[in-house]
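Structure at a glance
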Amino acid sequence: GYLMIDMLYALAIAEVQQDINESGFFTAGAEWNQAWTRDMSYAIWLSLAASFNKVSVDSLKTRIFNGKILQDTGTGGSYPCSSDRVVWLLAAYETALLAKDMDFYKEVYEVGKNTLLQDLEIIYDNKRKLYRGEESFLDWREQTYPRWMKPADIAESFSSGTNIIHYAAWKTLAKMAETLGKNEEAVKWNDYAAQVKDGLEKELWSDERGYYAAYLIDGIYPEKYEGYDNLGNALSILFGLCDGEKAVSMLNYYKAGDYGFSVVTPQLNRIQPYHNDAVWPFVQGYRALAAAKVKDLETFSHEFFTVIRSAALFGTFKENLVASTGGKKTLKNSA
């Protein structure tokens, strides 16, 4: 019943349709005519599983290889430096439920199990109870890490966002196991989730700031970088790692700007906008959902209407915007 919102919803549906290639898959962009595990999975999980279910199923299936989830490229090339591919499981679970397709549901379970068990063997640290790898989606080294850190240093670090989605993936796998009557496996997967939760609390929670620090740099002298990962902290609320007043405080530790909340805070010196000084509307979506869950109406309203503003201003849904000006990006290959 609100004309502007109705118009922008119709625009969103039209732009999703433009993003489906001739093979019926969601594409990563004009210059990348194939699916992209991370971006696609976050979008499917947010809404596309419901509005474009068959395309979601078909697109998710393209990201399976040898019974495991394909990892996107990132710092250092790909897996195991980049290790956030398990977000696929969260999207595929929702998609299978909405499709009411038990065969796909079973396939999702097996692929998720194979992938998580491989991660357990390759990137899990038994001492810290955390998974190694760079920040989920924030995969452009100079945008989010100190200049001295090489890809090997990033690969050895522990990111809160990546570990939060591993926690969520284990919990989701346990839920699926119960549905499939695999009760012993469900107990095991819940135990792995509990270990990750313990690692997050001990290694990455900041008592001083009241949120999960962006990452822990490992080495002889470990150092916790207490930057704010907007996506990771929102997901921690959605998956029950943080709730109540504690969650509201987390959401509002930093004040959102007029054009939205930057995906990383604080900003890095002399770095052009992309992840730095940038609003990504899909992250605003998760932040808004987290605010709704804890009944923080002010934060929810701000996030919702800043998305409306930017889409109405540009006449399209930009992938990202400059946080400090509300304008479009200037970096090559950015939206």
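Residues numbered from 1 in each chain as written. Predicted model: local features only at pLDDT ≥ 70, side-chain atom pairs only at ≥ 80, totals over all residues. Heavy atoms only, no water.

Some thoughts on the pairing of strand E8 (residues 223-229)
- As paired elements, strand E7 (residues 211-217) and E8 share 4 bridges and run antiparallel to each other. Along E8, the bridge assignment pairs Ala213 with Tyr228.
- Hairpin geometry of E7 and E8 is characterised by an intervening segment of 5 residues between the two adjacent antiparallel strands and by a positive phi of about 145° at Gly219.
- Sheet analysis places E8 next to strand E9 (residues 264-265), joined by 2 bridges and oriented antiparallel. (Pairing = 2+ DSSP bridges. Helix = DSSP H or I, 4+ residues; strand = E, 2+ residues; numbered from the N terminus.)

Re helix H11 (residues 244-251)
- Considered for burial, the residues of H11 that qualify are Ala247, Met250 and Leu251. Looking down the long axis of H11, one finds its buried residues gathered within 95° of arc, a one-sided arrangement.
- Contact partners of the buried residues in H11: strand E6 (205-206), E7, E8, helix H10 (230-238) and helix H12 (281-293). (Buried < 20%, exposed > 50% of the residue type's maximum accessible area, 1.4 Å probe, protein only. Arc of directions from axis to C-beta. Contact = heavy atoms within 4.5 Å.)

Looking at a positive patch on the surface
- Taken together, the side chains of Lys171, Lys175, Lys197 and Lys246 define a basic patch exposed on the protein surface.
- Structurally, Lys171 is set in helix H8 (residues 160-179). (Patch = residues over 30% accessible without salt bridge, like charges linked within 9 Å, V, L, I, M, F, W, Y side chains within 5 Å. Areas by Shrake-Rupley, 256 points an atom, 1.4 Å probe, with all protein chains shown as cover. Salt bridge = Lys/Arg side-chain N within 4 Å of Asp/Glu carboxyl O. Lys, Arg positive; Asp, Glu negative; His and termini not counted. Charge placed at Lys NZ, Arg CZ, Asp CG, Glu CD.)

Focus on the pattern of salt bridges
- Using the criterion set out here, one finds 17 salt bridges in the structure.
- Between Arg132 and Glu156 there is a salt bridge, with the nearest N and O atoms lying 3.2 Å from each other. Separated by 24 residues along the polypeptide, Arg132 in the loop between strand E4 (130-131) and helix H6 (141-144) and Glu156 in the loop between helix H7 (151-155) and strand E5 (158-159) bring together distant segments of the chain.
- Beyond isolated ion pairs, a larger network of salt bridges with shared partners links Asp125, Arg128, Arg132, Glu156, Glu203 and Asp218.

So far we have only geometry, and geometry alone does not tell us how the molecule works.
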